[in-house]
Amino acid sequence: MSRPLSVPTTTSLQSWGRLSESNQQAWYPSGRHCSLPGDSNSSLLPYGMGRSYGDLPFNPGGLALMGRALDRFISFDANTGELCCESGVLLGEILQLTVPKGWFLPVTPGSQFVTVGGAIANDVHGKNHHRAGCFGNHLLEFELLRSSGDRLQLKPNDPLFAATVAGLGLTGLITWARMQLIPVRSNQMSVESIRFEGLDGFFELSKESDASHDYTVAWVDCLASRGRGIFFRANHAFAGVGSEEGSCATQPLRTEPLRTKLLRTKRRSMPFTPPVSLVNGLSLRAFNALYFHWPRKRQDTQHYDPFFYPLDSIAHWNRMYGPAGFYQYQFVVGLRDGAAAISEALAEISRAGLGSFLAVLKVFGDRPSPGLMSFPQPGYCLALDFPRQPQLMALFQRLDRIILNAQGRLYPAKDACMSPQMFQQGYPRWQAFAQHIDPKFSSAFWRRVTG
Amino acid sequence: MQRVLILGAQSAIAKAFARQHAARGDHLVLVARDAQALAHAVQDFMVRGAASVQTIAQDLAQVEAHASLWQSANAQGPIDTVLLAYGVLPDQEANESSVEETLRGFWVNANSAIALLCLMAQGMKSRAGARIGVISSVAGDRGRKSNYGYGAAKAALSAYALGMGQMLHPHGVSVTVIKPGFVDTPMTAAFKKGPLWAQPERVAKEIVHAMDSRRPILYTPFFWRWIMMVIAHLPESLLRRRPI
């Protein structure tokens, strides 16, 4: 029987870059109606799926509010696409429910194993940022539970709304959220993949596709000195329409293939952590060359799952970096100096020879981000994974300089080592944000970048 | 379309079980103590496709209330599927020195559950095709130092449910005794998790399947059958020296 656990229990929390934190107690809410643990003096921080990469979800010495326990749907209107659910519901669970009824998430990041609360707290973005903006742009309302006991129903014009979206979990516990989904006519995507040589090739493709395609993103081979890669652009496919892109391959909405089954059901898995990283200079060069030249159809129709969540198909893929784990470095630079900054950064990485096999380049649009601390801004966004090794810090410092010069910033959700200076210059509104932090909430990340 | 009664609807396994039946479009009747939590559960199961959800806020340890509970559960139509999913996991060490605590845990896990089964068996005899699932535990297969109070109650429950299954078989009613191993739920939040731990969603799915196919006993996940076969046959002298 569920004894709503009011007794906190010690637990070991993980983040996706394979950092862990064991000096933290876990507290499980028994439902969205229950109040925060008030008796303890330790500080609080919500913890969802641990899919942010660094120390963002940790709060050593404090209590972790285990948000995943709030996993109930509240309402869904299949006529209007309005969904209301608790904050611990996974984005993948939403898709499982709504895709067969013809509705899709307005914005989704590269993993479906994230909670709604986590998606709000990091104001995540996706491959459609140039059209749809951030996750927070599609929220109609949510409830914030403060340590004072106040339950605040916040709408987009509320100052605390703007602070809580991308608020890194520091403004209180989000208990539920109401959002607007987008209509789709099938569970399929019609995808084009186009090879490009040189960054100019990318910028041209991007410009040409932004108006015609909802989703655009590029994989970049960052070991190649002048930059090459594959540009992906896609739209939701039309079902049952006889056009050349949709006809035979699309499936009616109701027959969801098994792949959409969530969590621990028949997904391939990295069953253990190899003693050394499988990602090194040699394997990377081979992988990148292979991936670039791999024959693929220019036009294809595929299920949304492999299109949006290619890495989700291998559980625990982060283990391939070995016990040391990895760092992700994701930044955005402004439109004006951005193109030069991207090519400078890629050259720097290529020179260091520390390249990453996941290198993703994307143009952000100009839809204003809803949060005071939202990461996206109009410009170019590059994300890179590096196996953790000593030489990395020197490279990051060189990259930091390039980014600051181009009015850019790093993404806290992916970060484990940015300097206070890097954070405070990248997010000039951080002091205004700080006034909205709940007095009982804190995090390792926040203390690191503001301390 | 089934009419499913879930006793202890707030447990993690029961919640996952109810979601499976909601997605099939079944009618659900939920029993748990917390009325507020039940109200939230109704919304969740309705969104997930349940035909209807009725709730009864009731502490199942109160045996004298069982009869009226069974009556109201059947008020909107005869129940044909039951999952008995409630129980408590007492702290064995703390219970060693307390007769009262020991008996209280036993009361909830064994006495009250057996009382319910006895009551329902009478009502179900005339409902050929009905199914009853009883969540017991692998802990009932062998008395062990770490949780013999809990294990003793679950042993009683398993034996009762198995025998009742034999009694109901000619009436076309199947009883499935469910023995989960370690399941990652709020009840076990204080334990360190290892590779033997399973998620409640997986366990619930196996329960639905076992009840659908009217299996008499389900170890879940499957490997617990083999683990318990070994543990049940270990010599007592060994367990005295190396308790598990």
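Rules of the game
- Residues numbered from 1 in each chain as written.
- Chains lettered and ligands numbered in written order.
- Predicted model: local features only at pLDDT ≥ 70, side-chain atom pairs only at ≥ 80, totals over all residues.
- Heavy atoms only, no water.
- Helix = DSSP H or I, 4+ residues; strand = E, 2+ residues; numbered from the N terminus.
- Rg over C-alpha atoms; globule rule 2.2 N^0.38 Å.
- Buried < 20%, exposed > 50% of the residue type's maximum accessible area, 1.4 Å probe, protein only.
- Contact = heavy atoms within 4.5 Å.
- Areas by Shrake-Rupley, 256 points an atom, 1.4 Å probe, with all protein chains shown as cover.
- Lys, Arg positive; Asp, Glu negative; His and termini not counted.
- Charge placed at Lys NZ, Arg CZ, Asp CG, Glu CD.
- Pairing = 2+ DSSP bridges.
- Domains from an automatic or database assignment.
- Buried area = accessible area lost by both parts, 1.4 Å probe.
- Salt bridge = Lys/Arg side-chain N within 4 Å of Asp/Glu carboxyl O.
- Phe/Tyr/Trp six-rings, centres within 6.5 Å; stacked < 30°, edge-to-face > 60°.
- Expected span 1.5 Å × (residues − 1).
- Axes fitted to C-alpha atoms, helices over the stretch in contact; angles between N-to-C directions.
- Parallel < 35°, antiparallel > 145°, perpendicular 65-115°, else oblique.
- Left-handed = near helix turned anticlockwise from the far one by under 90°.
- Nonpolar A, V, L, I, M, F, W, Y, C, P; charged D, E, K, R; others polar.
- Patch = residues over 30% accessible without salt bridge, like charges linked within 9 Å, V, L, I, M, F, W, Y side chains within 5 Å.

### Overview of the overall build of chain A
- What chain A contains, in helices and strands, is 12 helices and 21 strands.
- Since a compact globule built from 451 residues should have a radius of gyration of about 22 Å, the 21 Å found for chain A is in line with a globular shape.
- In terms of its C-alpha atoms, chain A occupies a principal-axis envelope of roughly 60 × 55 × 45 Å.
- Burial status across chain A gives 60% buried among its 451 residues.
- Of the contacts made within chain A by residues no fewer than 6 positions apart, 74% connect residues no fewer than 24 positions apart.
- When the accessible surface of chain A is split by element, carbon and sulfur atoms take 54% of a total near 17700 Å².
- With 44 positive and 35 negative side-chain charges, chain A shows a spacing of 5 Å between the two charge centroids.

### A look at the sheet that holds strand 16 (residues 299–303) of chain A
All names here are of chain A.
- With antiparallel pairing, the eight strands of this open sheet are ordered in space as 16-12-14-13-19-20-18-21. The sheet is open, and its two borders are formed by strand 16 and strand 21 (409–410), each paired with just one other strand.
- In this structure, strand 19 (residues 359–364) lies alongside strand 20 (residues 379–387), joined through six bridges in antiparallel fashion. What sits directly across from Val363, in strand 20, is Tyr380.

### Side note on the domain arrangement of chain A
Residues and elements named next belong to chain A.
- In terms of domains, chain A is made up of domain 1 (71–184) and domain 2 (188–237 + 273–418).
- Computed from C-alpha atoms alone, the centre-to-centre distance between domain 1 and domain 2 is 25 Å.
- Of the residues lining the interface, 33 residues belong to domain 1; the matching set on domain 2 comes to 33 residues.
- Both sides of the domain 1 and domain 2 interface together cover about 2800 Å² of buried area, and 58% of this is carbon and sulfur.
- The largest contributions to the domain 1 side of the interface with domain 2 come from Lys127, His130 and Arg131, which together make up 26% of the buried area.
- Where domain 1 packs against domain 2, one counts one salt bridge.

### Some details on the environment of Val116(A)
- Relative to the elements of secondary structure, Val116(A) occurs in helix 2 (residues 116–121).
- Put simply, Val116(A) and Gly92(A) are 24 residues apart on the chain and 9.9 Å apart in space, counted from C-alpha to C-alpha.

### Re the packing of aromatic side chains
All names here are of chain A.
- Taken as a whole and judged by the stated rule, the model has 32 aromatic pairs over all chains.
- Centroid distance Phe287 to Tyr291: 5.5 Å. Interplanar angle 15 degrees. Geometry classified as stacked. Of this pair, Phe287 and Tyr291 are both found in helix 6 (residues 281–293), four residues apart, which corresponds to roughly one turn of the helix.
- Tyr291 gets classed as partly exposed once you look at its relative accessible area, which sits at 27%.
- Connected via pairs of aromatic rings, a cluster forms that spans Phe104, Tyr215, Tyr304, Phe307, Phe308 and Tyr309.

### So, helix 5 (residues 198–210) of chain A
Residues and elements named next belong to chain A.
- Helix length check: helix 5 (13 residues) gives 19 Å between terminal C-alpha atoms against 18 Å at 1.5 Å per residue, within 8%.
- Looking only at helix 5, the buried set comprises Gly198, Leu199, Gly201, Phe202, Phe203, Leu205, Ser206 and Ser209.
- Elements in contact with the buried residues of helix 5: strand 12 (188–197), strand 13 (215–221), strand 14 (228–236), helix 8 (335–352), strand 19 and strand 20.

### Quick word on the packing of helix 3 (residues 66–73) of chain B against helix 5 (residues 99–124) of chain B
Residues and elements named next belong to chain B.
- Relative to each other, helix 3 and helix 5 sit at 45 degrees, their axes nearing to 10 Å. Considering the angle they form, helix 3 stands oblique to helix 5. The two elements helix 3 and helix 5 cross, and the hand of that crossing is right-handed. Contacts between helix 3 and helix 5 pair His66, Ala67, Leu69 and Trp70 from the former with Ser112, Ala115, Leu116, Leu119, Met120, Gly123 and Met124 from the latter.
- Class assignment for the residues of the contact of helix 3 with helix 5 results in eight nonpolar, three polar and no charged.

### Some words on a nonpolar patch on the surface
- A surface patch of nonpolar side chains, amounting to about 370 Å² of accessible area, comprises Phe222(B), Trp226(B) and Met229(B).
- Tracing the chain through its elements places Met229(B) in helix 8 (residues 224–233).

### Quick word on the packing of helix 1 (residues 12–23) of chain B against helix 7 (residues 200–212) of chain B
All names here are of chain B.
- Axis separation between helix 1 and helix 7 bottoms out at 8 Å; the angle between their running directions is 55 degrees. When the interaxial angle is binned, helix 1 and helix 7 end up oblique. In this structure, helix 1 meets helix 7 at a crossing whose hand is right-handed. Two secondary-structure elements touch here, helix 1 through Ala12, Ile13, Ala16, Phe17, Gln20 and His21 and helix 7 through Pro200, Glu201, Val203, Ala204, Lys205, Ile207, Val208 and Met211.

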